[in-house]
Amino acid sequence: MLVHRAPPVATVTLNRPDVLNALSRPLMDELAQRVAELDADDDVLAIVVTGSGRAFAAGADIAEMAGAGAAEMLEGDRFAAWQRLRGTKKPLIAAVSGYALGGGCELAMLCDMIIAGEDARFGQPEVRIGVMPGAGGTQLLTRALGKWQAMELVLTGRMLSAREMYERGLVTRVVPQGLHLHEALRLAAEIAKQPPVAVRLAKEAVQKAFLGTLEEGLPLERKNFYLLFATEDQTEGMRAFLEKRAPVWRGK
Ligand code: CO8
């Protein structure tokens, strides 16, 4: 794993190109650890996750899982790293080129935004190797695409292009091949210019809209909205607007 810290942005690069960045357990544990460190780093305000070589990630490491039994899979708590990543408070941006399959597609979907090169291919091919998605694929893809389109992808294992996924709402933006990281970093820098507490609470509210009900989401949105009136950045942001000048954020 390569970590490039360039405050206010950091990039984490999956670096097993020989196996298309297959998400082995050590790789996922390291990814969760590195992202947690960046999440706790006051100087980093947005995190980009990307792949290397021909893939973002071609899924969980099949060689590692092939001989496992059900009890071993259950006891192994392989999803702890995924759960830890889901708790990331700062914006996570997936910069996808090449294959984002199985766990790779799920990792991209775990991120808050997905920037994809024209060459990106998304899919949940697990059914073709006798299993099914296990790190959120059936749930997240269904919420993103709707039942009828998600069902086709999950039951056939078909891949869709970046543009097809953009049209279906899963991809934030498609860019020419080779520019995915550049565009993701540009987006990360743009977000990093915003007041960080507002970004954090707004991310939490959008996540709630995606994962919870309207009854849960509306009160959380209101609570976070009120909470921001306790920040210096709210005072500064509104004052700067009225004084027709650029705000200077303090991050509190
Ligand atoms: N795991 C392990 N090794 C892999 C994986 C993988 N997922 N994908 C590719 N590789 C390896 C290949 O074995 C090959 O290694 P070698 O050179 O030693 O033979 C190398 O990467 C290059 O791959 P290919 O030669 O196959 O390259 P192609 O261009 O011919 O094909 C494909 C590219 C179409 C992407 C093909 O590699 C492929 O189908 N890969 C597997 C895709 C897949 O089935 N993914 C789903 C895996 S299961 C999963 O993700 C479940 C997630 C559940 C949550 C995780 C919790 C544990």
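Quick summary incoming for the structure in this document. Values in this document were obtained by computation on a predicted structure and should not be read as measured data.

**Some remarks on the packing of aromatic side chains**
Part 1: Under the counting rule described, the total for this entry stands at two aromatic pairs.
Part 2: Aromatic side chains Phe 225 and Tyr 226 sit 6.2 Å apart centroid to centroid with 50° between the ring planes, which places their arrangement in the tilted category.
Part 3: On the basis of relative accessible area, Tyr 226 is assigned to the exposed category, the value being 54%.

**Comments concerning the environment of Arg 143**
Part 1: Residue position: Arg 143 is located in helix H6 (residues 137-145).
Part 2: For Arg 143, a relative accessible area of 43% corresponds to the partly exposed category.
Part 3: Here the alpha-carbon distance between Arg 143 and Leu 211, two residues 68 residues apart in the chain, equals 8.5 Å.
Part 4: A polar atom in the side chain of Arg 143 sits 2.6 Å from the backbone oxygen of Phe 210.
Part 5: Here the side chain of Arg 143 touches Leu 211 through a polar contact of 3.0 Å, landing on its backbone oxygen.

**Quick word on the pattern of salt bridges**
Part 1: With the rule as written, the count across this model stands at 15 salt bridges.
Part 2: With a shortest N-O distance of 2.7 Å, Asp 112 and Lys 203 are connected by a salt bridge. Taken as a pair, Asp 112 in the loop between helix H5 (103-110) and strand S7 (113-117) and Lys 203 in helix H10 (residues 196-211) lie far apart in primary sequence, 91 residues in all.
Part 3: For Lys 203, a relative accessible area of 12% gives the class buried.
Part 4: Shared partners join several salt bridges into a network, and the residues in it are Arg 173, Glu 183, Arg 186 and Glu 190.

**Description of the packing of H10 against helix H11 (residues 214-228)**
Part 1: Contact pair H10 / H11: the axes reach a minimum separation of 9 Å and the direction vectors enclose 175°. Between H10 and H11, the angle is such that the two are roughly antiparallel. In contact with Val 197, Ala 198, Leu 201, Glu 204, Ala 205 and Lys 208 of H10, H11 contributes Glu 216, Gly 217, Leu 220, Glu 221, Asn 224, Leu 227 and Leu 228.
Part 2: A class-by-class count of the residues in the contact of H10 with H11 yields seven nonpolar, two polar and four charged.

Rules used throughout
Residues numbered from 1 in each chain as written. Predicted model: local features only at pLDDT ≥ 70, side-chain atom pairs only at ≥ 80, totals over all residues. Heavy atoms only, no water. Phe/Tyr/Trp six-rings, centres within 6.5 Å; stacked < 30°, edge-to-face > 60°. Buried < 20%, exposed > 50% of the residue type's maximum accessible area, 1.4 Å probe, protein only. Helix = DSSP H or I, 4+ residues; strand = E, 2+ residues; numbered from the N terminus. Polar contact = N/O pair within 3.5 Å; in protein donor to acceptor, adjacent residues only side chain to side chain. Salt bridge = Lys/Arg side-chain N within 4 Å of Asp/Glu carboxyl O. Axes fitted to C-alpha atoms, helices over the stretch in contact; angles between N-to-C directions. Parallel < 35°, antiparallel > 145°, perpendicular 65-115°, else oblique. Contact = heavy atoms within 4.5 Å. Nonpolar A, V, L, I, M, F, W, Y, C, P; charged D, E, K, R; others polar.

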